[in-house]
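Given next are the chains, with one letter for each unit.
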Amino acid sequence: MRRRSEASSLLRQTDLPPGLPFIDGAFRPGSSSQAINVIDPCTERVIAQIAEGTVEDTDVAVAAAVKAAPGWAALTPKERSETLHRIADRVSENSELLARLESANTGKPGMVAEDDVAQTVDTFRFMAGALRATTSAAAGRYAADHLSTILREPLGVVGVVTPWNYPLLMAAWKIAPILAAGNTLVIKPSEQTPLTTLKFAELVADLLPPGVLNVVPGYGPTVGTRLAEHPDVAMIALTGSVRSGKAVAQAAAATLKRVHLELGGKAPVVIFPDADLDSAATALRTAGFWNSGQECGAGCRVLVHADVAERFTALLVEQVSTLVVGEPGTGDDVELGPLISKAHFDRVTGYLERAQAAGVRAALGGSALAGNGYFVAPTVLVDVPEGAECAQEEIFGPVITVETFTDEAEAIARANAVPYGLSASVWTDDARRSHDVAARLDAGTVWVNAHLVLANEVPWGGFKGSGYGRDLSIYALDDYSRTKHVMHHVGR
């Protein structure tokens, strides 16, 4: 366990963004005198205070976005593309600062925060190119003497609610396609991790017309709910928990606005007897524990054939036991940081305590680590029975559960027997089996002999309790735009 010295710090005071709402191109005092403490999860100390946004602040931000919408939508794809490239350049130029700020706020190791920033840059670059190459049905005479054309139009103002596990990257996954499609937006970052979203707004303020991007920090039941129910918001997009998704969808129903939800996951990892077990164990060392397991696509639920379960479990424990846990800034080899908050720490350790009380065995880890901060040991739970709570519910921490199966039909049925459908993986050297099983798994992304490999060119989103709508790829541009059919009578 790596700890920083008392004197060391990732941040200087000048690194912090203004702790105010960013509305109509500038940071402005909010309507409330209340502040939110931002906590360093490594030390449990306050590192910043941010204004608590209100319904009134949200309404002012939406009004600014409404005012800016026609001008932004009127730009040519080339003009919007050039702006997104400039945003990518600005993020890249400030990558070291943004990575430190993300690490300080979330406890992410340097390698994770740096990857988040790099992926943020690539997200803007991809959308900058994709927006210039959108496609739709060809114009044609589909009715006698009538010429039809299909137009793609912006929606208008999009409300965005982002989570605490990837504050900057999840903001980019929303902001880039929303702007690319010609919309304006109001974004509410998590009250626990608002720093990089506010810093992003500060860094790009001179690149966007006032009102195109607005940030209102605050709590979900206040700012998030107002965005979901606001009559001038055309769509609400959320990455978060299933509970938050249900609340947003319910609030949005009153105005029949579009809803885009990327929610939780409980990714099954189905390992057949012919799989390369060493490769699977090595891959899960990363895919199960990246960002301390606070990852909705994490490979956290292993279903391994009984014939190879003992050998695979030994390989997995061997791999996971080499993970280095510590505070960011204590070495480039640190791979796992703390959980985000005391509440989440208590939630994760509660799952571990209940599992072990029910007879599930921790082959590795299984408890919190001593000292300050919200650190939990990398954990592998074995002897997990079918239907166990720890294998059904999203723990969202550094925990992998291992179950066994005896035949393919059982593996598929049990893999699908969770409320989620975000991602899954299949491990086998049988090509025909890999295609067939992948098609039968109820998940938006299925990897074969890999897990948690993402690219901006391909969509990300789930089924069932994991929500609907797609992030990344041209499918995100489709989500954030609308089609219009214009038919001309051309008979003579």
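Novice: Whenever I open this one, the environment of Thr184 confuses me. Can you help?
Specialist: Checked against the element boundaries, Thr184 lands in strand β8 (residues 184-188). Through-space distance from the C-alpha of Thr184 to that of Ala65 is 5.6 Å; in sequence the pair is 119 residues apart.

Novice: How should I be thinking about the packing of aromatic side chains in this particular structure?
Specialist: How two aromatic rings sit relative to each other is given by the distance of their centres and the angle of their planes. Applying the stated criterion across every chain yields a total of six aromatic pairs. The side chain of Arg354 reaches across the aromatic face of Tyr351, ending 4.9 Å from its centre. For the cation-ring pair, Arg433 lies above Phe272, with the distance from its terminal atom to the ring centre recorded as 4.3 Å.

Novice: Any chance you could explain empty space enclosed by the protein here in plain terms?
Specialist: Gaps between atoms show up when a probe of the same size as a water molecule is rolled over them. Counted by the stated rule, this structure contains four cavities of 30 Å³ or more. Approximately 80 Å³ is the volume found for the largest cavity. Lining the largest cavity are 14 residues, and of these Lys266, Pro268, Tyr420, Gly421 and Ser423 sit closest to its centre. Among the elements of the structure, α13 (408-416) and β17 (420-421) are those that each provide at least two residues to the lining of the largest cavity. Of the residues assigned to the lining of the largest cavity, the class counts are eight nonpolar, four polar and two charged.

Novice: Is there a simple way to explain the sheet that holds strand β15 (residues 379-382) in this structure?
Specialist: Within a sheet, neighbouring strands are paired by backbone hydrogen bonds and run either parallel or antiparallel to one another. Reading across from one edge, β14-β15-β16-β13-β12-β18-β19 is the order of the seven strands in this open sheet, with mixed pairing throughout. At either end of the open sheet lies a strand with only one pairing partner, and these are β14 (361-364) and β19 (445-448). In this sheet, adjacent strand axes meet at a mean angle of 25 degrees when their direction is disregarded. Pairing of strand β12 (residues 268-271) with strand β18 (residues 423-427) involves three bridges; the strand directions are parallel. Bridged to Val270 within β18 is Val426. Contacts from α13 reach β12, β13 (301-305) and β16 (399-405) within the one sheet, and its direction differs from that of β16 by about 145 degrees.

So, how was this worked out
- Residues numbered from 1 in each chain as written.
- Predicted model: local features only at pLDDT ≥ 70, side-chain atom pairs only at ≥ 80, totals over all residues.
- Heavy atoms only, no water.
- Helix = DSSP H or I, 4+ residues; strand = E, 2+ residues; numbered from the N terminus.
- Phe/Tyr/Trp six-rings, centres within 6.5 Å; stacked < 30°, edge-to-face > 60°.
- Lys NZ or Arg CZ within 6 Å of the ring centre and 35° of its normal.
- 1 Å grid on protein atoms, 1.4 Å probe; cavity = no way out; pocket = protein on both sides within 12 Å on 5 of 7 lines; lining within 4 Å.
- Points joined across faces, edges and corners; volume = space filled by probe spheres on them.
- Nonpolar A, V, L, I, M, F, W, Y, C, P; charged D, E, K, R; others polar.
- Pairing = 2+ DSSP bridges.
- Axes fitted to C-alpha atoms, helices over the stretch in contact; angles between N-to-C directions.
- Contact = heavy atoms within 4.5 Å.

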